[in-house]
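Geometric and topological summary
Each chain, letter by letter, is given below.
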Amino acid sequence: MPSLAQALRSTFAAADTACPLQVEGLTKRFANSDTPVFADISFRLNPGQSVALIGANGAGKSTLLRCCVRLIEPDAGRIVLDGVSLCGKSGRGLRQARNRVGFVFQKHCLVPRLSALSNVLHGSLAHHGGPRHWLQGLATQADREKALHCLEQVGLAPLAHKRCDELSGGQSQRVAIARALMQDPSILFADEPTASLDPQSGEEIMELFAALGRARGLTLFFVSHHIEHALHYADRILGVRDRQLMLDSASGAETLTSLRGFYA
Ligand SMILES: Nc1ncnc2c1ncn2[C@@H]1O[C@H](COP(=O)(O)OP(=O)(O)OP(=O)(O)O)[C@@H](O)[C@H]1O
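In this report, the structure presented in the accompanying data block is examined. (Residues numbered from 1 in each chain as written. Predicted model: local features only at pLDDT ≥ 70, side-chain atom pairs only at ≥ 80, totals over all residues.)

A word on the overall build of the protein chain. Counting its regular elements, the protein chain contains 10 helices and 10 strands. Within the protein chain, the proportion of its 264 residues that are buried is 38%. Taking the contacts inside the protein chain whose residues are at least 6 apart along the sequence as the reference set, 69% of them involve residues at least 24 apart. (Helix = DSSP H or I, 4+ residues; strand = E, 2+ residues; numbered from the N terminus. Buried ≥ 20, exposed ≤ 12 C-beta atoms within 10 Å, placed from the backbone. Contact = placed C-beta atoms within 7 Å.)

Here is the structure:
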């Protein structure tokens, strides 16, 4: 008779390839701290789902999001992306496993002196084996057409050749989203994508995520301090507090008041 732990492990081992992200027992402690940021966190996302991650400042949201793709190395836990375990992978193997993951950050991390189109082309590097492809200027015509199409999808094709340091914050965030789309992502991670935007631009970016999610069947996993965004744009809300996943709920079951309590 298998133990509960063995049963859980074998269930997890038979990972559902249709599941965009499964994590089990994720734990992270930074070297300069005695206590973990979070410990033993487990959840799985469903395809096409829009999931908000909420929590107070310093609760560990960004760290958790990054640990899910090993941009930050967790201390323990298992991660399966699109049916592929990230455990034990490094270098090329890890990059390949992350091939269909898009990441959008609060600060869009664009190269300021390059055009929007060139920045979006960077998003295809993972498919072409690293920066040499870019440095040698070998972007194919097909890559350029795809990059333009991605810019079209975020409503920015007319500004394709404009330098990124001449774009507004909202336009820059659209370029960052177009760059993520170059990966043909099945899952898009977004870390406070509207934090540096005015309310109107923030709404527009969230509308864009929602529209792209519907059109492409994308799974969206986003961090937000805007409870309204979590309620309006997410199907499901995860909340971290006291190093644990304290909330995992359908957004329809939550209210502004119930979520505000999360920040008390
Ligand atoms: N690279 C790091 N080295 C050491 N400690 C870190 C590092 N990154 C984050 N931390 C610490 O981990 C904790 C969680 O940080 P994190 O940025 O994940 O929280 P957050 O919930 O995203 O916060 P915020 O809402 O303010 O962005 C904080 O105490 C932070 O100081």
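Next, the rest of the story.
In terms of burial, strand E9 (residues 236-241) is largely enclosed, as five of its six residues are buried. Two strands pair when backbone bridges link them, and strand E3 (residues 50-54) and E9 are joined in this way by four bridges, in the parallel orientation. Residue pairing across strands places Ala52 opposite Ile237, the latter belonging to E9. Summarising the sheet, E9 and strand E10 (residues 244-250) pair through six bridges and their orientation is antiparallel. Residue pairing in the sheet places Arg241 in a bridge with Gln244 of E10. The antiparallel hairpin formed by E9 and E10 contains two residues in its connecting segment, where Asp242 sits at a positive phi of about 50 degrees. (Pairing = 2+ DSSP bridges.)

So, about the sheet that holds strand E1 (residues 21-28). Overall, antiparallel pairing links the four strands, which are arranged E2-E1-E4-E5 in an open sheet. Either end of the sheet is taken by a strand with one partner, and the two such strands are strand E2 (38-45) and strand E5 (84-85). The pairing of E1 with strand E4 (residues 76-81) spans five bridges and is antiparallel. In the strand pairing of E4, Thr27 is matched with Ala76.

Our focus in this paragraph is the site of the ligand. As a matter of local geometry, the ligand sits amid Phe30, Asn32, Val37, Gly55, Asn57, Gly58, Ala59, Gly60, Lys61, Ser62 and Thr63. Across the shell around the ligand, the residue classes tally to three nonpolar, seven polar and one charged. (Near = placed C-beta within 6 Å. Nonpolar A, V, L, I, M, F, W, Y, C, P; charged D, E, K, R; others polar.)

The next point concerns the packing of helix H7 (residues 169-181) against helix H8 (residues 199-216). One can describe the packing of H7 onto H8 by two numbers: an axis separation of 10 Å at closest approach and a directional angle of 20 degrees. Taken together, the axes of H7 and H8 are roughly parallel relative to one another. Read as a crossing pair, H7 and H8 show a hand that is right-handed. Contacts between H7 and H8 pair Gly169, Gly170, Gln173 and Ile177 from the former with Ser201, Glu204, Ile205 and Leu208 from the latter. In the contact of H7 with H8, the residues fall into three nonpolar, four polar and one charged. (Axes fitted to C-alpha atoms, helices over the stretch in contact; angles between N-to-C directions. Parallel < 35°, antiparallel > 145°, perpendicular 65-115°, else oblique. Left-handed = near helix turned anticlockwise from the far one by under 90°.)

Let's shift gears to the sheet that holds strand E7 (residues 187-191). In spatial order, the strands read E6-E7-E8-E3-E9-E10; together these six strands make up an open sheet with mixed pairing. Each edge of the open sheet carries a strand with a single partner, namely strand E6 (101-104) and E10. Mean inter-strand twist for the sheet, computed between neighbouring axes without regard to direction, equals 15 degrees. Most of the contacts of H7 go to E6, to which it runs at about 170 degrees, and overall it touches E6 and E7.

Burial analysis of strand E8 (residues 219-223) places five of its five residues in the buried class, which makes it a mostly covered element. Burial of the side chains of E8 extends over both faces: Thr219, Phe221 and Val223 are buried on one face and Leu220 and Phe222 on the other. Looking at chain direction, E3 and E8 are connected through four bridges and run parallel. Note on E8: the bridge partner recorded for Val51 is Phe221. As defined by bridge partners, E7 adjoins E8 across five bridges and the pair is classed as parallel. Across the sheet, the residue bridging to Asp191 is Val223, located in E8. For the crossover from E7 across H8 to E8, the handedness is right-handed. (Right-handed = clockwise from strand over helix to strand, strands pointing away.)

In this fold, Ala180 is placed in helix H7. On the neighbour-count criterion, Ala180 (24 C-beta atoms within 10 Å) is buried. Separated by 155 residues in sequence, Ala180 and Gly25 have C-alpha atoms that sit 28 Å apart. Excluding its chain neighbours within four sequence positions, the residues that come into contact with Ala180 are Gly102, Phe103, Val104, Gly123, Pro185 and Leu188.

Ranked by size, the top nonpolar core spans 65 residues in total, and within it Leu53, Val120, Leu151, Val175, Ala178 and Phe221 carry the most contacts. It is H7 that provides the largest number of residues to this core, a total of six residues. Contact partners of Ala178, with chain neighbours within four places excluded, come to Val120, Cys150, Leu151, Gln153, Val154 and Leu156. (Core = buried A, V, L, I, M, F, W, Y, C linked by C-beta atoms within 7 Å.)

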